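# Close look at the chain arrangement
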Amino acid sequence: GGVYQQVTDSAELRELVASKLEEYNFEPKNTAMNLVLFEQAIHHICHIHRIVTQSRGNAILIGVGGSGRQSLTKLAAYIAGYNVVTLQVIKGYKKQNFYDDLKQIYIDCGRDCKQTVFLFNDTQIIESSFLEDLNNMLSSGEIPGLFPDEELQPILDELRTHYIKQHTSGAPPNDDMLYKYFISRVRDHLHIVFCMSPIGDSFIESVRLYPSLINCCTIKWFNDWPQTALKEVAYHFLKDISREVMHEHNNKHLVTEIIPEIFCFSHLQSIEQSTNMIKCDKRYTYITPTNYLSLVTQYTKLLTLKKSEIECAANKLINGLHKIDEAKKQVSEMTVDLEKMKQIVSKKQVECEKLLVQIIQQKREADEKKIKCEIEKNKTGTEEKECLSLQAEAQKDLDLALPALEAAVQALNALSKDAVTEVKAYS
C-alpha cells in the first residue's frame, strides 16, 4: 500500500477506468457523464487520484472550460471512494449560504471522518471573500467566524471521547485543544480541488493575493487536447451514427477516419488563426474544447435531422409507390370488370333495341287507337248535344204541363164524397 505501480498495459488501465465510469453512471445519486477516455484524460484521472489520496492533498486545476477538469475530478474521487461536494450557486447565493455549505463539509470531515473532495470552480466566486476563506482552508484549515459558539460546542463535546482515546496520557482536553483536534481531522479528510481558468487577469490576481492557492496545492495544467484525443472524441460521438452509416453505405473509413480528421483539422486551424490574431491584431479569441464538442454535437444533430428528413421523404416516396402499385392493380381489376360490363352492356343494348322496336310498334297502335277514340269522343259529344236539346224541349213541355196537372190535382183534392157518388150515378 502506498507504493506506485507502473502501468505496463495501457489497454487494461483504460478498461479499468471505463468500468469505474460505468459504475459511476449506474449509481442513481450520480449524474451520468458521457466521457471520452483518451490517453491524456486517463493520465489526468490518475494524477488527480494520486493527489487526493495523499495526506492533505489538494489540487488546483488550471484549464479552459470544457477541458474536463470537473468531470475527471468526480471520476477520480469516485475511484478513490471519496464523496464529492460541489456548491449549488443559485440566484441570491451569498456569503452566509457559502458558510452554511462549508459548515456541512467541516462536520462531515471533522466529526464524521468522511473522506471528501470539495470541488470548487472559479465561476462560483460570487464574492471575493470566498477566495480568502478558501485560502484559509488551504493554509490553516480555520475560517474565522464559521461556527458560532452554540453550534461549535456540541461538535467539540462529541469529539472529546475520540480525543481521549487517541491521547491516553496527559490532562483532559479543553475546548481549544478540541477545536485544534477538530480542524486537524477536517484537514486530514478534506481535499480541495480548485478549478481555475487561465484566461484574463483574475487568475494572476488571485494567485498573487492568495498564495496558498499555489503553496498548498499541486498545480495541474489541462492543456489543449492533442490531435489523437480530438479524433477519439469525434469518433465517440459519431460511433452510434456510424453503425447506421456503415450499415447503409458499407463505408467504415468515412466515419472512423475522414470525418474525425475534418473536425480535427478545423479545430486546429481555428487555434492557429486565433494565435495569428493575437500576434497581428492583439485580439484574443479562445478556442476551447467546448467549441470542439459543440462542433461535433451540432454536426451529429444536423446529421440526425437530415437523416430523419430523408427517411421521412423516402417513406413518403415508398408509400406513394405502394399507392401507385395498388392503383395499377385496381385499374387492372377495373379493366377486366369493364370488359365484362361492356359485354353485358352490348347484350342489354341489343335487347333495348328490340324493346324499342316493340315500343314504337305499340306506340303506333296506341296512336291509332287514340285517333279512333277522338273520333268516338267527337261523335259522342254531338249525340250528347242532341240529347241535351231533346231534354230541354221535354223540360219545356213538362214545365207547361205541370200547372195543369197541379190544377187537376187540386180539383181532385177538392171533390167531396157526395160529389164522387153523384158522378158515379151518372155513369
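Given the structure is predicted, the values throughout are model-derived calculations rather than measurements. (Residues numbered from 1 in each chain as written. Predicted model: local features only at pLDDT ≥ 70, side-chain atom pairs only at ≥ 80, totals over all residues. Heavy atoms only, no water.)

### Comments concerning the overall build of the chain
Scanning the chain from terminus to terminus reveals 13 helices and 5 strands. Relative to the 2.2 N^0.38 estimate, which gives 22 Å for 427 residues, the radius of gyration of the chain is 58 Å and therefore markedly larger than a compact globule would have. With respect to the three principal axes, the spread of C-alpha positions in the chain is 195 × 70 × 50 Å. The buried share among the 427 residues of the chain stands at 28%. Expressed as a percentage of contacts within the chain between residues at least 6 apart in sequence, the contacts between residues at least 24 apart total 77%. Total accessible area computed for the chain in this model is approximately 28500 Å², and 56% of it derives from carbon and sulfur atoms. Placing the 50 positive and 58 negative side-chain charges of the chain at their respective mean positions leaves the two points 3 Å apart. (Helix = DSSP H or I, 4+ residues; strand = E, 2+ residues; numbered from the N terminus. Rg over C-alpha atoms; globule rule 2.2 N^0.38 Å. Buried < 20%, exposed > 50% of the residue type's maximum accessible area, 1.4 Å probe, protein only. Contact = heavy atoms within 4.5 Å. Areas by Shrake-Rupley, 256 points an atom, 1.4 Å probe, with all protein chains shown as cover. Lys, Arg positive; Asp, Glu negative; His and termini not counted. Charge placed at Lys NZ, Arg CZ, Asp CG, Glu CD.)

### Describing helix 3 (residues 69-80)
The periodicity of an α-helix, 3.6 residues per turn, causes residues three or four positions apart to be oriented the same way. For helix 3, with 12 residues, the first-to-last C-alpha span of 16 Å sits near the 16 Å given by 1.5 Å per residue. Turning to helix 3, its buried residues number three or more, namely Arg-69, Leu-72, Thr-73, Leu-75, Ala-76, Ala-77 and Tyr-78. At its buried positions, helix 3 is contacted by helix 1 (10-26), helix 2 (39-52), strand 1 (59-62), strand 2 (83-86), strand 3 (116-121) and strand 4 (190-196). (Expected span 1.5 Å × (residues − 1).)

### A few points about the side chain of Asn-121
Secondary-structure assignment places Asn-121 in strand 3. Given a relative accessible area of 6%, Asn-121 falls into the buried group. A distance of 3.1 Å separates the side chain of Asn-121 from the backbone nitrogen of Thr-123, its partner in a polar contact. The residues contacting Asn-121, other than those within four sequence positions of it, are Arg-69, Gln-70, Phe-194 and Cys-195. (Polar contact = N/O pair within 3.5 Å; in protein donor to acceptor, adjacent residues only side chain to side chain.)

### Remarks on the confidence of the model for the chain
Across the chain, pLDDT averages 86, with 93% of residues at or above 70. Here helix 13 (residues 417-426) stands out as the least confident element of the chain, with mean pLDDT 71; strand 3 is the most confident, with 95. (pLDDT = per-residue confidence, 0-100.)

### What about the state of the cysteines?
All chains considered together, the criterion is met by 0 disulfides. Its sulfur unpaired, Cys-195 is 11 Å from the next cysteine sulfur, which belongs to Cys-217. (Disulfide = S-S within 2.5 Å.)

### Looking at the packing of helix 2 against helix 3
Between helix 2 and helix 3, the least distance of the axes is 9 Å, while the angle of their chain directions is 55 degrees. Comparing the axis directions of helix 2 and helix 3 gives the class oblique. Where helix 2 crosses over helix 3, the two elements pack in a sense that is right-handed. Residues Ala-41, His-44, Ile-45, Ile-48 and His-49 of helix 2 form the contact with helix 3, whose participating residues are Leu-72, Thr-73, Leu-75, Ala-76, Ile-79 and Ala-80. Looking at side-chain class alone, the contact of helix 2 with helix 3 contains 8 nonpolar, 3 polar and no charged residues. (Axes fitted to C-alpha atoms, helices over the stretch in contact; angles between N-to-C directions. Parallel < 35°, antiparallel > 145°, perpendicular 65-115°, else oblique. Left-handed = near helix turned anticlockwise from the far one by under 90°. Nonpolar A, V, L, I, M, F, W, Y, C, P; charged D, E, K, R; others polar.)

### Considerations on the pattern of salt bridges
All told, the structure shown has 17 salt bridges when counted by the stated rule. The closest approach of N and O atoms between Asp-188 and Arg-56, which form a salt bridge, is 2.9 Å. Residue Asp-188 is located in helix 7 (residues 175-189), and its partner Arg-56 is located in the loop between helix 2 and strand 1; the two are separated by 132 residues in the primary sequence. Residue classification places Asp-188 among the partly exposed residues on the basis of a relative accessible area of 32%. (Salt bridge = Lys/Arg side-chain N within 4 Å of Asp/Glu carboxyl O.)

### Digging into unusual backbone geometry
Look at Arg-56: it is not a glycine, yet its phi comes out positive at around 55 degrees. We classify Arg-56 as partly exposed; its relative accessible area is 31%. The phi dihedral of Cys-113 is positive, around 55 degrees, even though this residue is not glycine. Locating Cys-113 in the fold gives a position in the loop between helix 4 (95-111) and strand 3.

### Looking at empty space enclosed by the protein
Evaluated as defined, the whole model comprises 1 cavity of 30 Å³ or more. Considering only enclosed or pocket space, the largest cavity measures out at about 30 Å³ in volume. Around the largest cavity, the lining residues are Phe-38, Gln-40, His-44, Ser-67, Leu-72, Phe-222, Asn-223 and Trp-225. Counted by class, the lining of the largest cavity contains 4 nonpolar, 4 polar and no charged residues. (1 Å grid on protein atoms, 1.4 Å probe; cavity = no way out; pocket = protein on both sides within 12 Å on 5 of 7 lines; lining within 4 Å. Points joined across faces, edges and corners; volume = space filled by probe spheres on them.)

### Regarding the packing of aromatic side chains
Going through the model one piece at a time under the given rule, you end up with 14 aromatic pairs. Relative to Trp-225, the ring of Phe-38 lies with its centre 5.4 Å away and its plane at 65 degrees, an arrangement referred to as edge-to-face. Here Trp-225 lies in the loop between strand 5 (218-221) and helix 10 (227-249) and Phe-38 lies in the loop between helix 1 and helix 2, a separation of 187 residues in the sequence. In terms of burial, Phe-38 and Trp-225 fall into one category: buried. Aromatic rings pair up to connect Tyr-93, Phe-98, Tyr-99, Phe-118, Phe-120, Phe-130 and Phe-194 into one cluster. (Phe/Tyr/Trp six-rings, centres within 6.5 Å; stacked < 30°, edge-to-face > 60°.)

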